[in-house]
Amino acid sequence: MAHPNSTIVNDRFASRLALVYAGLFLSWGWQLPLFPVWLSARGLDPAAIGIVLAAYQGIRVVAIPAATRLADRHGSLNAAITVAALATLCAMALLGSVSGFALILAATMVFGFASAPLLPLIDAYGLKGLRLRARSYGPVRLWGSVAFIVANLTGGLLLGVLAKPQLIWLIFAGNCAVVLATLLLVRVPREARAPHAPSHSHLAQRRFLAVAAAGGLIQASHAVYYGFATLDWTAKGYGGITIGVLWALGVVAEIVLFALSSRLPPSINPISLILIGAAGAIVRWIATAFDPPLALLAPLQLLHALSFGATHLGTMMYLTRSAPEGGRAAAQGDIATANTLMMAAASALAGLLYGAGGSHAYLAMAGLALAGGAFALIASRIGRSA
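Scope of this entry: the structure provided in the associated data block.

1. Considering the overall build of the chain
And then number 1: For the chain, the helix and strand inventory stands at 16 helices and 0 strands.
And then number 2: Its C-alpha atoms give the chain a radius of gyration of 20 Å, near enough to 21 Å, the size a compact globule of 386 residues would have.
And then number 3: In terms of its C-alpha atoms, the chain occupies a principal-axis envelope of roughly 55 × 40 × 35 Å.
And then number 4: The 386 residues of the chain split such that 58% are buried.
And then number 5: Within the chain, one finds 24 positive and 10 negative side-chain charges whose respective centroids are separated by 7 Å.

2. Some words on the nonpolar core
And then number 1: Grouped together as the largest cluster of nonpolar side chains are 120 residues, with contacts concentrated most on F35, L39, L95, Y125 and W233.
And then number 2: Tallying contributions element by element places helix α1 (residues 12–41) first for this core, with 17 residues.
And then number 3: Look past the residues within four positions of F35 in its chain and what remains in contact with it is W30, V52, L53, L95, T108, I168 and I171.

3. Focus on the layout of surface pockets
Empty space among the atoms becomes visible once a probe the size of a water molecule is rolled across them.
And then number 1: There is about 360 Å³ of room inside the largest pocket.
And then number 2: Forming the walls of the largest pocket are 18 residues, and the residues nearest its centre are S136, Y137, S261, M317 and T320.
And then number 3: For the lining of the largest pocket, the secondary-structure elements that each account for two or more residues are α6 (118–132) and α14 (304–322).
And then number 4: Considering each element in turn, the lining of the largest pocket owes the most residues, 5 residues, to α14.
And then number 5: Of the residues that constitute the lining of the largest pocket, the class distribution is 10 nonpolar, 5 polar and 3 charged.
And then number 6: Lining the second largest pocket are 14 residues, with A67, A80, V83, A84 and P117 sitting closest to its centre.

4. A look at the pattern of salt bridges
And then number 1: What the rule picks out here adds up to 5 salt bridges.
And then number 2: Across the pair R135 and D11 runs a salt bridge whose closest N-O atoms are separated by 2.9 Å. With R135 in the loop between α6 and α7 (138–159) and D11 in the segment before α1, this pair connects stretches of sequence that are 124 residues apart. By the burial criterion, R135 is buried, and D11 matches it.

5. Some words on the environment of R321
And then number 1: Within the secondary structure, R321 is located in helix α14.
And then number 2: Filtering out sequence-adjacent residues up to four positions away, R321 remains in contact with N269 and P270.

6. Focus on the side chain of S359
And then number 1: Along the chain, S359 turns up in the loop between α15 (328–357) and α16 (362–380).
And then number 2: Overall, S359 belongs to the buried group, its relative accessible area being 4%.
And then number 3: Dropping the residues within four chain positions of it, S359 is found in contact with D232, K236, T288, A289, D291 and Y354.

7. Brief notes about the packing of helix α9 (residues 206–220) against α15
And then number 1: Where α9 contacts α15, the two axes come as close as 8 Å, and the packing angle between them is 40°. Relative to α15, the element α9 is oriented oblique. You can see that α9 and α15 cross each other, and the crossing is right-handed. Contacts between α9 and α15 involve F208, A212, A213, G215, G216, L217, Q219 and A220 from the first element and A331, D334, I335, A338, N339, M342, M343 and A346 from the second.
And then number 2: Broken down by class, the residue content of the contact of α9 with α15 amounts to 11 nonpolar, 4 polar and 1 charged.

The rules behind each value
Residues numbered from 1 in each chain as written. Predicted model: local features only at pLDDT ≥ 70, side-chain atom pairs only at ≥ 80, totals over all residues. Heavy atoms only, no water. Helix = DSSP H or I, 4+ residues; strand = E, 2+ residues; numbered from the N terminus. Rg over C-alpha atoms; globule rule 2.2 N^0.38 Å. Buried < 20%, exposed > 50% of the residue type's maximum accessible area, 1.4 Å probe, protein only. Lys, Arg positive; Asp, Glu negative; His and termini not counted. Charge placed at Lys NZ, Arg CZ, Asp CG, Glu CD. Core = buried A, V, L, I, M, F, W, Y, C linked by side-chain atoms within 4.5 Å. Contact = heavy atoms within 4.5 Å. 1 Å grid on protein atoms, 1.4 Å probe; cavity = no way out; pocket = protein on both sides within 12 Å on 5 of 7 lines; lining within 4 Å. Points joined across faces, edges and corners; volume = space filled by probe spheres on them. Nonpolar A, V, L, I, M, F, W, Y, C, P; charged D, E, K, R; others polar. Salt bridge = Lys/Arg side-chain N within 4 Å of Asp/Glu carboxyl O. Axes fitted to C-alpha atoms, helices over the stretch in contact; angles between N-to-C directions. Parallel < 35°, antiparallel > 145°, perpendicular 65-115°, else oblique. Left-handed = near helix turned anticlockwise from the far one by under 90°.

Dropping the structure here:
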């Protein structure tokens with residue numbers, strides 16, 4: 001087992017996991033702001049874009065539980081991650097070659113199905129390996145956020161250079177990096193599980209269900225931001241560089257939180273972090289709904305450290321402490337499934353609300369964050385063994 005104080009450079013497991021996170025979030029850092037722009041360039045209106053984004057999220061509900069339970073059953077996390085990465089690359093190539101709403105919708109669903117298991121499988125792999133090495137999750141995961149910033153900044157520049165119909169191939173290049181990085185992952189030992197033990201025992205725990213609902217609702221409150229922020233800021237006259245910097249500001253704040261996560265006081269438990277995330281999201285979306293000037297919009301982006309970062313860290317901390325042995329990938333996958341279900345519904349709603357009321361759609365997102373905070377309060381009142 002690696003010494004707890006070993007650095008990422010000296011720890012092959014942590015450094016290669018960091019590389020995978022970097023590749024994945026480089027790809028996502030281009031995909032999140034640029035994919036809706038590519039869809040718009042293909043002739044889709046806001047409502048159609050919302051449907052495509054919702055379908056992308058919705059199909060993941062089928063793929064994630066199946067892939068994570070197979071990985072738990074066969075103990076093949078490394079192989080499952082690589083297969084998912086290769087399938088994602090092929091699906092992205094298919095998506096870039098089609099046109100028209102129906103074909104784009106179908107290809108996006110293929111892409112969503114293939115890519116869905118990647119992050120929960122990587123997180124399950126990472127949480128397991130880091131726990132065995134007594135390492136913290138945040139300082140390794142932050143390299144994904146660093147890559148996300150690089151993608152935001154370069155994506156903002158390339159948005160003003162590349163023809164919008166070519167943006168899909170930039171996302172494809174990011175997926176190539178993911179495939180290469182997954183091939184370097186260190187193998188983790190199989191996790192023992194009693195014969196015939198169910199891979200879904202966590203679903204009988206009320207506390208787990210409350211945490212899943214809380215995290216899912218708060219993360220789903222980002223639907224308008226993820227789907228329409230770039231289009232909204234472009235319509236308001238902001239250039240590609242400014243838009244890239246705005247996206248990057250939120251992730252910088254997230255990185256700081258991840259870097260300091262191992263130093264958080266013991267009094268800040270997983271549920272506390274999720275509650276902090278809900279509060280940050282409520283403030284962020286209410287303020288963003290009223291078209292704040294750039295001087296206010298920029299600092300509001302720093303609340304991403306709370307709305308996303310604190311919520312995500314709280315959820316991961318809960319899984320590290322509470323996921324059942326031999327069912328960690330399934331528990332991770334079910335959290336991801338809850339997130340995708342709620343994000344799918346929120347994305348469809350976001351398309352309709354943004355098309356009808358522009359940035360006022362953020363007010364509905366504040367309502368989702370408030371509901372997430374309520375579930376976190378419920379989780380805090382349920383005993384750990386419930």
